[in-house]
Structure formats: C-alpha cells, structure tokens
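# A structural walkthrough
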Amino acid sequence: MSMLDSIRQTMRRDEVFPFMAPKVSELLDVSHGPILYLEDLNVSFDGFKAINDLNLYIDAGELRCIIGPNGAGKTTMMDIITGKTQPDSGQAWFGQTIDLLRMTEPEIATAGIGRKFQKPTVFEYHSVYENLELAMHGDKGVWHSLIAHMNGEQRALLDETLETIGLKEQAQQTAGALSHGQKQWLEIGMLLVQNPHLLLVDEPVAGMTHQEMDRTGELLTSLAGKHSVVVVEHDMDFVRSIANKVTVLHQGSVLAEGTMDEVQNNQRVIEVYLGE
Amino acid sequence: MILFRFFSNLLKDDRGGQAVLLILFLMTILVPVLNLWVPADHPLHMPTYLVTLMGKYLTYALLAVSVDLVWGYLGILSLGHGAFFALGGYAMGMYLMRQIGDRGVYGNPDLPDFMVFLNWKELPWFWQGFDMSWFAFMMVALAPGLLAFVFGWLAFRSRVTGVYLSIITQALTYALMLAFFRNEMGFGGNNGLTDFKEILGFNLQADSTRIGLFIASAIALAVGYLACRYIVLSKLGRIVVAIRDEESRARFLGYKVERYKVWIFTFSAILAGIAGALYVPQVGIINPGEFSPLNSIELVIWVAIGGRATLYGAVVGAILVNYAKTVFTGAMPDSWLFALGALFVLVTLYLPQGLAGIMRHFRKAEAS
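Reading the values: the criteria
Residue indices follow the written sequence of each chain, beginning from 1 at its first position. Note on labels: chains are lettered from A, ligands numbered from 1, in written order. Under the rules for a predicted model, residues below a pLDDT of 70 receive no local features and side-chain atom pairs below 80 are neither given nor counted, while totals for whole chains, interfaces and linings still include all residues. Excluded from the side-chain calculations are hydrogens and water; all other atoms, namely the structure's heavy atoms, are used. The numbering of helices and of strands both runs from the N terminus, where a helix is a DSSP run of H or I of at least 4 residues and a strand a run of E of at least 2. For the radius of gyration, the atom set is restricted to C-alpha positions; the globular benchmark scales as 2.2 Å times the number of residues to the power 0.38. Note on definitions: a residue-residue contact is assigned when non-hydrogen atoms from the two residues lie within 4.5 Å. Accessibility throughout is a Shrake-Rupley quantity obtained with a 1.4 Å probe, and a residue counts as covered only by protein chains that appear here. His is not counted, nor are the chain ends, whereas Lys and Arg count as positive and Asp and Glu as negative. The atoms used to mark charge sites are NZ of Lys, CZ of Arg, CG of Asp and CD of Glu. Only strands joined by at least two bridges in the DSSP assignment are considered to pair. Angular values range over 0 to 180 degrees, each being the angle between N-to-C directions of two axes fitted as lines to C-alpha atoms, with helices fitted over their stretch in contact. Only buried residues count toward a nonpolar core. Its members are Ala, Val, Leu, Ile, Met, Phe, Trp, Tyr and Cys residues joined through side-chain atoms within 4.5 Å. Throughout, exposure labels follow a simple rule: accessible area from a 1.4 Å probe, protein chains only, divided by the maximum for the residue type, with under 20% read as buried, over 50% as exposed, and the rest as partly exposed. Per-residue confidence from the predictor is reported as pLDDT, which spans 0 to 100. Buried area adds together the accessible area that both of two parts lose upon being put together, with accessible area traced by a 1.4 Å probe. The rule for a salt bridge is simple: a side-chain nitrogen of Lys or Arg has to be within 4 Å of a carboxyl oxygen of Asp or Glu. Consider the strands pointing away from the viewer: the crossover is right-handed when the path from the first strand over the helix to the second runs clockwise. Stacked, edge-to-face and tilted labels apply to pairs of Phe, Tyr and Trp rings (six-membered ring for Trp) whose centres lie within 6.5 Å, assigned for plane angles under 30 degrees, over 60, and everything in between, in that order.

## Quick look at the overall build of chain B
- When its secondary structure is counted, chain B shows 15 helices and four strands.
- Its C-alpha atoms give chain B a radius of gyration of 21 Å, near enough to 21 Å, the size a compact globule of 368 residues would have.
- If one aligns the C-alpha atoms of chain B with their principal axes, the spans along those axes are about 65 × 55 × 50 Å.
- Taking as baseline every contact in chain B between residues at least 6 positions apart, the subset at least 24 positions apart corresponds to 77%.
- Surface accessibility of chain B: about 16,900 Å² in total, with carbon and sulfur atoms responsible for 68%.
- Computed over 26 positive and 21 negative side-chain charges, the inter-centroid distance for chain B is 13 Å.

## Some thoughts on the sheet that holds strand β3 (residues 63-67) of chain A
Residue and element names in this part refer to chain A.
- In space, the six strands of this open sheet follow the order β6-β7-β8-β3-β9-β10, with mixed pairing throughout. Both outer strands of the open sheet, β6 (113-116) and β10 (253-258), are each paired with one neighbouring strand and no more. Across the sheet, the axes of successive neighbouring strands diverge by a mean angle of 20°, strand direction being ignored.
- Direction of pairing for β3 relative to strand β8 (residues 228-232): parallel, over a ladder of four bridges. Across the sheet, the residue bridging to Leu-63 is Val-229, located in β8.
- Contacts from helix α2 (residues 74-81) reach β3, β6, β7 (198-202), β8 and β9 (245-250) within the one sheet, and its direction differs from that of β7 by about 150°.
- Strands β6 and β7 of the sheet are contacted by helix α7 (residues 180-193), whose axis makes an angle of about 175° with β6.

## Quick notes on the nonpolar core
- If you look at the biggest cluster of nonpolar residues, it comprises 167 residues, and the most contacted ones within it are Leu-186 and Val-231 of chain A together with Trp-127, Leu-193 and Phe-291 of chain B.
- When residues in this core are grouped by element, the largest group, 15 residues, is from helix α3 (residues 48-73) of chain B.
- When near neighbours in sequence (up to four residues on either side) are disregarded, Trp-127 of chain B contacts Met-94, Met-97, Arg-98, Pro-112, Phe-114, Met-115, Gly-186, Phe-187 and Leu-193 of chain B.
- Among the nonpolar cores identified, the runner-up in size contains 28 residues, and Leu-54, Ile-66, Ile-80 and Ile-108 of chain A belong to it.

## A word on the confidence of the model for chain A
- In the predicted model, chain A carries a mean pLDDT of 87, and 95% of its residues have values of at least 70.
- Within chain A, no element has a lower average pLDDT than helix α11 (residues 267-274) of chain A, which sits at 78, and none a higher one than helix α4 (residues 128-135) of chain A, at 95.

## Details of the interface of chain B and chain A
- On the side of chain A, 32 residues touch chain B, which itself brings 25 residues to the contact.
- Carbon and sulfur atoms supply 65% of the area that chain B and chain A bury against each other, a total of about 2,600 Å² over both sides.
- Counting the surface chain B buries against chain A, the share from its top three residues, Arg-249, Phe-252 and Leu-253 of chain B, is 31%.
- Run the count over chain B and chain A and you get three salt bridges.
- Of the charged contacts in the structure, one is a salt bridge between Glu-105 of chain A and Arg-159 of chain B, with a shortest N-O distance of 2.7 Å.

## Details of the sheet that holds strand β2 (residues 48-59) of chain A
Residue and element names in this part refer to chain A.
- Strand order in the open sheet formed by four strands is β2-β1-β4-β5, and the pairing between neighbours is antiparallel. Only two strands of the sheet have a single partner each, and these edge strands are β2 and β5 (98-99).
- Two strands pair when backbone bridges link them, and strand β1 (residues 34-45) and β2 are joined in this way by nine bridges, in the antiparallel orientation. Within the sheet, the bridge partner assigned to Asn-42 lies in β2 and is Asn-52.
- Strands β1 and β2 of the sheet are contacted by α2, whose axis makes an angle of about 115° with β1.

## Description of the pairing of strand β4 (residues 89-94) of chain A
Residues and elements named next belong to chain A.
- When β1 meets β4, the two strands line up antiparallel, connected through five bridges. Within the sheet, the bridge partner assigned to Glu-39 lies in β4 and is Gln-91.
- Counting the residues in the hairpin turn of β4 and β5 gives three residues, including Gly-95, whose phi is positive at 65°.

## Thoughts on the pairing of β7 of chain A
All names here are of chain A.
- With five of five residues buried, β7 lies mostly within the body of the structure.
- Residue alternation in β7 divides its side chains into two sets, Leu-198, Leu-200 and Asp-202 and Leu-199 and Val-201, and both sets are buried.
- Looking at chain direction, β7 and β8 are connected through five bridges and run parallel. Counterpart to Asp-202 in the pairing with β8 is Val-232.
- Handedness of the crossover joining β7 and β8 through helix α8 (residues 210-223) is recorded here as right-handed.

## Describing unusual backbone geometry
Residue and element names in this part refer to chain B.
- Positive phi outside glycine occurs at Asp-13, with the angle close to 65°.
- With respect to the element layout, Asp-13 can be found in the loop between α1 (2-11) and α2 (15-37).
- Classification of Asp-13 by relative accessible area gives exposed; the value is 67%.
- Of note in the backbone geometry, Leu-311 takes a positive phi value of approximately 70° without being a glycine.

## Quick notes on the packing of aromatic side chains
Residues and elements named next belong to chain B.
- Scanning the model with the defined rule gives 26 aromatic pairs over all chains in all.
- A centroid spacing of 4.7 Å and a plane angle of 20° characterise the contact between Phe-180 and Phe-187, whose relative ring orientation is stacked. For the residue pair Phe-180 and Phe-187, the accessibility class agrees, reading buried in each case.
- Here the aromatic rings of Phe-180 and Phe-291 are separated by 4.7 Å at their centres, their planes lie at 45°, and the arrangement is tilted. With Phe-180 in helix α7 (residues 162-181) and Phe-291 in the loop between β4 (285-286) and α12 (293-306), this residue pair connects regions lying 111 residues apart in the sequence.

## Remarks on the confidence of the model for chain B
Residues and elements named next belong to chain B.
- Across chain B, the average pLDDT comes to 93, with 100% of residues at 70 or higher.
- The spread of mean pLDDT over the elements of chain B runs between helix α15 (residues 354-367), the lowest at 83, and helix α11 (residues 257-283), the highest at 97.
- In the predicted complex, the global pTM is 0.91; the interface-specific ipTM is 0.88.

## Focus: the side chain of Ser-296 of chain B
All names here are of chain B.
- Secondary-structure assignment places Ser-296 in helix α12.
- Residue class for Ser-296 comes out buried when judged on its relative accessible area of 1%.
- Contacts of Ser-296, omitting those with residues within four sequence positions, involve Leu-79, Gly-80, His-81, Gly-82, Ala-83 and Thr-173.

Structure representation (structure tokens):
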C-alpha cells in the first residue's frame, strides 16, 4: 500500500516533475512589494546551524542594513542568495517568479543580483578601467567575448561610474596598486555597471577613513530607490547614518527588525549584541 | 592593408613576439636556401638532419605556446598536455601508416605490418578513413580536442582546481600511455607506428619534403602564436586572466567560468595536437612513450624557464631547453635529468618570471 502511495506521489498529475518545470522566469516581478523573499531557510555545516529558520523580506527600492555579531549568519545568507551555498531547506525567491535556489552563481548575477565581498575582491592585474569593463552588463558568453567591444551607452556608463567612485585619475592604473579604500570603491563601481536590481554589499566601509565613509554612505543612499540595497556592516555609526530600517541577525535567524532607535532599545538586542 | 593593420595591432607592445615571428620568417627563407641551393661541400651548407632538428624544435615551441595559454593565462597547470600532443601525433601516424600501402615488410595492401604480425584479418573500425588525408588531418584536431572537451567539461563542472586538477591530468596521460602500450588497442603496441614512406605523395626521406615540413611547422607556430595573441588581447583574454586571479568574483559578475575554461582548454589541446602531427613525420615514429608523464612535466618546465603568460617566453624556453637537451644528452647522457631539475629549481627560486622576466627587467632599466 505504501509503495502504491509513493508511486502516486511521484506520478501526481496536478504538477510536473521538478526537472521539467521551467527553471528561470526572465522577468523580475515585484508587484507585491518585496524584491527578495527568504523563507524558512536552514543551513548547517557539520552540525553547526549557520542559518536557523531565517525569514527575511526586502522591499523593492529599499536600503536595508543587516547587523549582527560574528557568526550570526550574515555572510552565509548572502552565499545562499547568490547561489554559492545550497540551503538544507527553505526557499529563496527573487521577486515572485525567480527561484534562486535552482540557479547557478552566473545565472543569479545575470538575473540582477550584484554582490560585493567582505574582503575587497578586484582583478589585481587588470587596470581599473578593465575591471569595470569586465563587470559591465551585457552578453557574458564565450564566443561573444572574442569580438566584444563596448557600445556607446556602456562606455558612457563606465565613464560616469569612474566619476562616481572617484577613480578617474587611476583609470589606467592596475587595481592591485590601489589602496584598500579605493579597492572597496572599485568593487562598488563594478556592482554599479552591472545594473543590478539588488545589491548585496558586505562591509563596504571596512578600512575606510571617515571622509571616505561619508561618501560611501551618500553613494549607497543615492542608489536606494532605483535599486534595492542590502548592507551588512559592523560599524554602528555608519549604519546609523544611512539606515532607516535595520535587521538584527543572531544565531542564524532574525532577532529584531525596525528603525535604528527601535532596535537599539530592544532588550534582547542589547543583551546579545549592542550591550556588550 | 586591413590585414597588415590587424597583425600590427596584435603584435603592438609585444617586442618578444615581434622578434620570434621575424626570426621565424627569416628562417623559412634562409633554411631552404642553405639546405637546397648551397652545395653540400660549402661551409654554409645546412645538413638535412639540422633542418629536421629545427623543425622538431618548432613543433615543441607550438606545444609550449599551447601550455602557456592554459597555464600562464588561465592558471590551470596541466601536467598532461603531452597526451594531446601524442594524440595528434597518432592521428598523423595512422595516416602515414596507411600511405605505406603494400610497401610494408609483409606487403599487405590493406593492413599495416603490425596487424599482419598480430594475425588480424581486417582493419579495425577506428582505422577507417585514415587513408584519406583530409579525414586524418581533421582527426589531428578533433581527437585531442574532443578528449580535452569531455575531460574539461567533467573536471571543471565539478570545480576541480589547483593541484587536484594537475594530478588528474597527469593520471589521464598515464592511463593513455598504458592503454596505448597494449597490442589489443590497435595502435601498434609499444613499437608504435613507424617505417613511414610518404606524406601527401612526397617521399619523407627527400630533402625537399623535410624542408616542406620545416616550413609547415614554422607557419603552424606563427599562426598558433597569432591566434593565442588574438585571444589574449580580446575581451576573452581579459576574462580568462580574471578567472585565473579571482574565479569567484568572475562568477558573481555573471561569467560561466566552466565554459571559459573548457573552451580555452580545448583550443589549447587542438594546438598541441597540431604540434604533435607535425612532429611525427619529422622524427619518423610515434609510440606510447610520448604519453609518458615525464614528457608533460618537461614541457611545463620549458614554459616556466621561458616565462609564463608571455607566449613568446614559451617559444624561447622550448627551443633553448631542447637545444640544451640535444647538446647535453650527446655529451653526458646521464646528467641531463639532473641538469633539467637544477634548471627548474634555479628558475623557480631566482627567476619566477623566467627568461622573459629578465627581458622585462632590462627594458624597464632602459626606460628609466
């Protein structure tokens, strides 16, 4: 009897086999508000629960800051969104139609999610200009790249981005020769030329001076609205200066969510994080 | 005119490449003159064995360029590139075997000698078609290319990188060597394929054929060099270097890293196969020893000595090391491997950028 049941289960006529279902819907649908849905996510590494029943929604055009002590699962969460880590259970949707868990990293990047790593990661042997050229949105196929040249719109965007990130003078310099802060900026610039809908920014101001921090803050807030931005940051002053909504992660799940003031006065948050 | 602009663009900022191609061009003119038209007793006469030796070096140089493309630019240390070289060589060897016809020792018009010897009654299916030059020359590229594509697709898709990939490539060439040693494989067992008579109707022992093969090797090297140069200078080349330096960053920018690796690896294997195909008629034999892991390691050393990620460094390294090998194995046969090992250690310690690094250093000193 149970075998019959399991056969019935696999041969259900009201749904198609998982591998038959269309993989990616090209169109990003944010008509219900959120651009990113993370639901009931669980990840464990060798028994350690890095993500524990995580539920998180990011609205289209929102600037969201995510804080939390070390090991709270911030980077793991980004790994799941960008396809680097597969969760044990749960769902991750980009808009209402794009299932992130069934896509590879390049597919997710092409769908419109850009990511800046915690440690600035740029192509050190390429010039600043070439770094941006490589990140530029457009056809990323092998054969196309043999004959690819940037079109006028892309070149204009590149010049504009060089201006925005303040590296116009260093355009022909190799990226390896930049200072730590400049590399951070270059990586943010590489995100911008990708034209992503959603930017995941991991510790953007680490190693920056106060002036640089202010400029980064301005840049990120100016991006919100047109793009959705998720910032993971340790620097509380910086978070306070840019965030209107903050999510606190703790032990792999959401501990509190709200404005900076609400979060700071939340008793549990004070216990685990801010109070120490 | 457009063509000229195209080539000068490729070689702009590549002084080493300009020098390599210029020397190649001069040699293709000088060598035939010195060998064919200068009388044999004249001091400037170039003996035929020297022509063949140089032709062999040129095929090694092409092989080294193919390794430099995957190692220097893509960052994949392949310790099995000799396998692709040997496969191309076998494809050519099979064609040359079929050209022997009934002039073999057994005089069998349908079967190569070793098959008669093994009492085989008919030609195995995989030997069909190799009597036609166009088919055989196609297989020269197709056989190594296909192997590289399948191997690369499996390895890169499972994200095997670094030293593990090197070990698998080493295992690949070793496995092929063992397989080709077996008589049942139908490739002549440990004797390999030899006793060739003619290629495309030209007698292989004739001086003029030797010259022809030398020129073909020079042209293959020049075209292979320019093709690699084109790849390196295109956006594809920049992506490939980006993958070498920061693979995950490239992935998060939307590049399907596996595909890039597979195609570059396959292209490189095809170049290696062509080099092998030109090598075989010049040395007159192909046997499973060409698959030996040692060969693949040696050729990585050529590239390291010449200088990685420069292309012309690979050419220089391959020719210099092989010239040294010819001299050393003649003078002190037992000491060559020690000399090679010492050379590799010295280069790794003091010249991490190889001979090309010295050139760059001098140019910088000159500029300042």
